[in-house]
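Here is what each chain is made of, one letter per residue.
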Amino acid sequence: MLLLPMLVSSAVFINMSLAIPQTYLIRTRWLRLLAGAGKWVLSVVLPLLLFAEVNDQANKRAEKITKEALAPVITYIDQEISKNGHPPAVIMNEVNKVKRLMNVSYLTGDKHYMLYTSIASWEIEGAKIFYTDLDKTWRIENTITIESGSTDNAKIFQKAAEGLTRRFYWVDYRSGQWESKIFETDFKEPS
């Protein structure tokens, strides 16, 4: 929704920028009509291309911020696995050090773990950036796609989350402090 005013204003700007030359510089009627049709096509297409590029850049920036913010948490978890043979059940002390995120989900079991956070997306449902220690890779996927398991990343997410317990960490907006709550995994089993 935040990009909608940008989309509309850029469409109006493009339309009006092309209307002036169309009106005053083109003399023949057919060329003016052709320029008018082109003006309306460009008024729709260029803002959509701009919108898609801005969304892509925002996702890349969100992924970079998430990787940087959670790198120390991943290092801590990996060190605990090296010492104890399994991931820690609680990572509150490490999450308290995270400054640039507002929520983190930590899925853990006896063998492996997964971290993810939600980000905004041009789809209403948003997206998730997730990291699994099965292949030590970050991925981004739409929330609805994850639930349906219709893409490779969604299948990887579902497989990694299968049988794990989820602890949700979030920053309380009143106190500014991290809090947590434990859930059973809320993802559908892969079909």
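Look up: the structure comes first, before these words.
Residues numbered from 1 in each chain as written. Predicted model: local features only at pLDDT ≥ 70, side-chain atom pairs only at ≥ 80, totals over all residues. Heavy atoms only, no water.

Q: Mind laying out the nonpolar core, listing which residues take part and the relevant values?
A: With 24 residues, the main nonpolar core has Ile 91, Leu 115 and Trp 178 as its most contacted residues. Of all the secondary-structure elements, those providing two or more residues to this core are helix 2 (29–84), helix 3 (92–95), strand 1 (103–108), strand 2 (113–119), strand 3 (127–132) and strand 5 (165–171). At 7 residues, helix 2 tops the list of elements feeding residues into this core. Other than its neighbours up to four places away in sequence, Trp 178 contacts Met 92, Val 95, Asn 96, Val 98, Leu 101, Met 102, Asn 103, Val 104, Tyr 169, Trp 170 and Val 171. Counting residues in hydrophobic clusters, the runner-up holds 10 residues, among them Leu 107, Met 114, Ala 160 and Leu 164. (Core = buried A, V, L, I, M, F, W, Y, C linked by side-chain atoms within 4.5 Å. Buried < 20%, exposed > 50% of the residue type's maximum accessible area, 1.4 Å probe, protein only. Helix = DSSP H or I, 4+ residues; strand = E, 2+ residues; numbered from the N terminus. Contact = heavy atoms within 4.5 Å.)

Q: Describe the layout of surface pockets, naming the residues involved and giving the relevant values.
A: Considered as a void within the structure, the second largest pocket measures approximately 160 Å³ in volume. Every residue along the wall of the second largest pocket is listed here: Ala 58, Arg 61, Ala 62, Ile 65, Thr 66, Arg 100, Leu 101, Met 102, Asn 103, Thr 117, Ser 118 and Ile 119. Listing elements by their share of the lining of the second largest pocket, those giving two or more residues are helix 2 and strand 2. The element that contributes the greatest number of residues to the lining of the second largest pocket is helix 2, accounting for 5 residues. Split by residue class, the lining of the second largest pocket holds 6 nonpolar, 4 polar and 2 charged. (1 Å grid on protein atoms, 1.4 Å probe; cavity = no way out; pocket = protein on both sides within 12 Å on 5 of 7 lines; lining within 4 Å. Points joined across faces, edges and corners; volume = space filled by probe spheres on them. Nonpolar A, V, L, I, M, F, W, Y, C, P; charged D, E, K, R; others polar.)

Q: Help me get a handle on unusual backbone geometry, residues and values and all.
A: The backbone of Lys 136 shows a phi angle near 55°, a positive value even though the residue is not glycine. If you trace the backbone, Lys 136 turns up in the loop between strand 3 and strand 4 (137–142).

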